[in-house]
Amino acid sequence: MNIFVTIIISIFCVFALVYDICSFISWSRAKEKALISNFWSLAIIILIGVCGAFINNTVNSILLIILAILIIPSAITCISPEGIRTALFINNGISPVQNLSYEYGKGLFGIEKLNLFLNNKKLVNGFNLGIKKPKTVKMLADWYGKHGYENPLTK
């Protein structure tokens, strides 16, 4: 059973490494970029790392900590003027800005959040980290459509 768990965690590590490499290549192609994330994704990653630290099996402990480190980029979203940058094997590394819209709102405990929509479907329940940076706000205002916003001059 222990060997089976080690193999499964190792496979997850390999997939996470491939995903990270493809994501970093896609992110490097963006001329301008802003990185955003949310508290809950990072909390889950920290929980995985903490669980890894308390496992008695040294190999699995090290593998879980490595896995926690490797999945950090999957908790981060890279936005650029061209759209959301994704891993290269997903839509050639980009979700075009024409299909995206955004809105700011209040989340749990009144924390400000940013919702991104792809073809009017919410991508993530809400980003909390990095959404107030001037670069992020300017990029969204200049390139992304506002979700549910109607220009009163066109009525």
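My aim in this report is to walk through the structure given alongside it, one point at a time. (Residues numbered from 1 in each chain as written. Predicted model: local features only at pLDDT ≥ 70, side-chain atom pairs only at ≥ 80, totals over all residues. Heavy atoms only, no water.)

On the secondary structure map, alanine 53 appears in helix H2 (residues 39–53). Judged by relative accessible area, alanine 53 falls into the partly exposed class, the value being 48%. With residues up to four places along the chain from it excluded, the contact list for alanine 53 reads Ser61 and Ile65. (Helix = DSSP H or I, 4+ residues; strand = E, 2+ residues; numbered from the N terminus. Buried < 20%, exposed > 50% of the residue type's maximum accessible area, 1.4 Å probe, protein only. Contact = heavy atoms within 4.5 Å.)

Glancing now at the sheet that holds strand E1 (residues 34–37). Within the open sheet, the 4 strands sit side by side as E1-E2-E3-E4. Their pairing is antiparallel. Only two strands of the sheet have a single partner each, and these edge strands are E1 and strand E4 (94–96). Across this sheet, the average inter-strand angle for adjacent strands is 30°, counted without regard to direction. As judged from the 3 bridges shared by strand E2 (residues 76–80) and strand E3 (residues 83–85), these two strands associate in the antiparallel manner. Directly across from isoleucine 79, in E3, lies its bridge partner isoleucine 84. (Pairing = 2+ DSSP bridges. Axes fitted to C-alpha atoms, helices over the stretch in contact; angles between N-to-C directions.)

On to the packing of helix H1 (residues 2–28) against helix H3 (residues 58–70). Direction vectors running N to C along H1 and H3 enclose 20°, while the axes themselves pass 9 Å from each other. With respect to their mutual orientation, H1 and H3 come out roughly parallel. Crossing of H1 against H3: the hand is left-handed. Each of Asn2, Val5, Thr6, Ile9, Ser10, Phe12, Cys13, Ala16, Leu17 and Asp20 in H1 lies in contact with H3, whose residues at this interface are Val59, Asn60, Leu63, Leu64, Ile66, Leu67 and Leu70. Grouping the amino acids of the contact of H1 with H3 by side-chain chemistry returns 12 nonpolar, 4 polar and 1 charged. (Parallel < 35°, antiparallel > 145°, perpendicular 65-115°, else oblique. Left-handed = near helix turned anticlockwise from the far one by under 90°. Nonpolar A, V, L, I, M, F, W, Y, C, P; charged D, E, K, R; others polar.)

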